[in-house]
Amino acid sequence: MSIFKSATLDLPEVRRIPLHIAIIMDGNGRWARKRFLPRAAGHVKGVETVRKVVRAAIEEGVEYLTLFAFSSENWRRPEREVSQLMALFSSALDKEVAKLGRNGVRLRVIGDLTRFAPELRARIQKAEEQTASATREACRLHLTIAANYGGRWDMLQAMNRLGAERVDAVGQWTEMDLEPYLSMHFAPDPDLFIRTGGEKRISNFLLWQMAYTEFYFTDLLWPEFDAQSLKEAIVSYQQRERRFGRTSEQLAGTPAE
Ligand code: IPE
Ligand code: IPE
Ligand code: MG
């Protein structure tokens, strides 16, 4: 059972600094096109932003950072771009893993990894194991990369596994029964969702987990996003009133009329 409170079954604790931030890193292609560069150059630049944002998240005291790197629908892109993205993911894993571990960052990759090349899957597994053992004593940040991830896929894989294991209870499953099978079972629900690149949509990201997440959209393209931009998103979050269904008066503790 999750140690975190469900936004629908319970009232989660609200802190000044979001415990979990989830980001759709969008706009790499447009950033490159504006500079007459190939889209791949935007993705390369985007990896630099990931580094910056990971560092900034640690400094801000964020404990869970989940980044959407490749959606289940991104396979629809030209083959060349897909293979460039895979190569970039693979080389970033190679280059960054030791540093992540040293800095107390535990890496996880969520999504349907069965579609990835066996070498990439092996690399992912190794990276997860390496950072898990490096952060056993002290973990400062849980960094999760969503790759070939889709919110609908996530819910379905969870339901299918629950169905197979708990066939006795069909018709009586609860949220708490499903929770352990979802990809993000180890983390609280995101407090804050950020999407760069100007689009105002969820693009099949964490559908189940974002039931009560605060949304923040910025026109900045992902390669332009930095520590200051993250701060601004957090400041915007701090101005929200997270009611979880209650009234403002209830939150303020003023008596009902
Ligand atoms: C986000 O940038 C990165 C991935 C989806 C992999 P895009 O590649 O979607 O950039 P735009 O939206 O075309 O500018
Ligand atoms: C969403 O970005 C997925 C990632 C950032 C990995 P897209 O650029 O693929 O989203 P849509 O297609 O514009 O919704
Ligand atoms: Mg895009």
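Further up the page is the structure itself.
Keep in mind the model is a prediction, meaning the values are calculated, not measured.

(A) Spotlight on helix α4 (residues 118-134). Its 17 residues place the ends of α4 24 Å apart at the C-alpha level, agreeing with the 24 Å of an ideal helix rising 1.5 Å per residue. Buried residues of α4: Leu 120, Ile 124, Ala 127, Thr 131 and Ala 132, and no others. For α4, the angular spread of buried residues about the axis comes to 125°, placing them on one side. Seen from the buried face of α4, the exposed residues on the opposite side, beyond 90 degrees, are Pro 118, Glu 119 and Lys 126. Contacts made by the buried residues of α4 are with α3 (79-102) and β3 (105-110).

(B) The arrangement of the sheet that holds strand β6 (residues 214-217) in detail. Judged by pairing direction, the sheet is parallel, and its six strands sit side by side in the order β3-β4-β2-β1-β5-β6 without closing on themselves. The open sheet has two edge strands, β3 and β6, and neither has a second partner. Across the sheet, the mean angle separating the axes of adjacent strands is 20° when strand polarity is ignored.

(C) Molecular detail of the pattern of salt bridges. Applying the stated criterion to the full structure yields 20 salt bridges. The partner of Arg 51 in a salt bridge is Glu 96, and the shortest N-O contact between them spans 2.7 Å. Of this pair, Arg 51 sits in helix α2 (residues 39-60) while Glu 96 sits in helix α3, placing them 45 residues apart in sequence. Each of the salt bridges in this network shares a partner with another, and the network as a whole consists of Asp 26, Arg 30, Arg 195, Glu 199 and Arg 201.

(D) Representation of the pairing of strand β1 (residues 20-24) within the structure. The element β1 is extensively covered by neighbouring structure, given that five of its five residues are classed as buried. Bridge count between β1 and strand β2 (residues 64-71): five bridges; the pairing is parallel. Across the sheet, the residue bridging to Ile 23 is Leu 67, located in β2.

(E) Seen up close, the packing of aromatic side chains. Following the criterion strictly, the structure yields 13 aromatic pairs and no others. Judged by centre distance (5.9 Å) and plane angle (90°), the rings of Phe 4 and Tyr 64 are edge-to-face. Residue Phe 4 is found in the segment before β1, and its partner Tyr 64 is found in strand β2; the two are separated by 60 residues along the sequence. Its relative accessible area of 8% is what places Tyr 64 among the buried residues. Among the aromatic residues, those joined into a cluster by ring pairs are Phe 68, Tyr 149, Trp 153, Phe 193, Phe 205, Phe 215 and Phe 217. We note Arg 115 situated over the ring of Trp 75; from NZ or CZ to the ring centre the distance is 4.1 Å.

(F) Layout of the site of ligand 1. Close to ligand 1 lie 13 residues; Asp 26, Gly 29, Arg 30, Arg 39 and Arg 77 are nearest. Asp 26 places a side-chain nitrogen or oxygen 2.8 Å from an oxygen atom of ligand 1. Note that an oxygen atom of ligand 1 is positioned 2.8 Å from one of the side-chain N or O atoms of Arg 39. Bound to the protein, ligand 1 loses 86% of the 380 Å² it would expose on its own. Contributing elements (two or more residues each) for the shell around ligand 1: α1 (28-34), α2 and α3. Looking at the shell around ligand 1 element by element, the count peaks at three residues for α1. By residue class, the composition of the shell around ligand 1 is three nonpolar, five polar and five charged.

Definitions and cut-offs
Residues numbered from 1 in each chain as written. Chains lettered and ligands numbered in written order. Predicted model: local features only at pLDDT ≥ 70, side-chain atom pairs only at ≥ 80, totals over all residues. Heavy atoms only, no water. Helix = DSSP H or I, 4+ residues; strand = E, 2+ residues; numbered from the N terminus. Expected span 1.5 Å × (residues − 1). Buried < 20%, exposed > 50% of the residue type's maximum accessible area, 1.4 Å probe, protein only. Arc of directions from axis to C-beta. Contact = heavy atoms within 4.5 Å. Pairing = 2+ DSSP bridges. Axes fitted to C-alpha atoms, helices over the stretch in contact; angles between N-to-C directions. Salt bridge = Lys/Arg side-chain N within 4 Å of Asp/Glu carboxyl O. Phe/Tyr/Trp six-rings, centres within 6.5 Å; stacked < 30°, edge-to-face > 60°. Lys NZ or Arg CZ within 6 Å of the ring centre and 35° of its normal. Near = heavy atom within 4 Å. Polar contact = N/O pair within 3.5 Å; in protein donor to acceptor, adjacent residues only side chain to side chain. Areas by Shrake-Rupley, 256 points an atom, 1.4 Å probe, with all protein chains shown as cover. Nonpolar A, V, L, I, M, F, W, Y, C, P; charged D, E, K, R; others polar.

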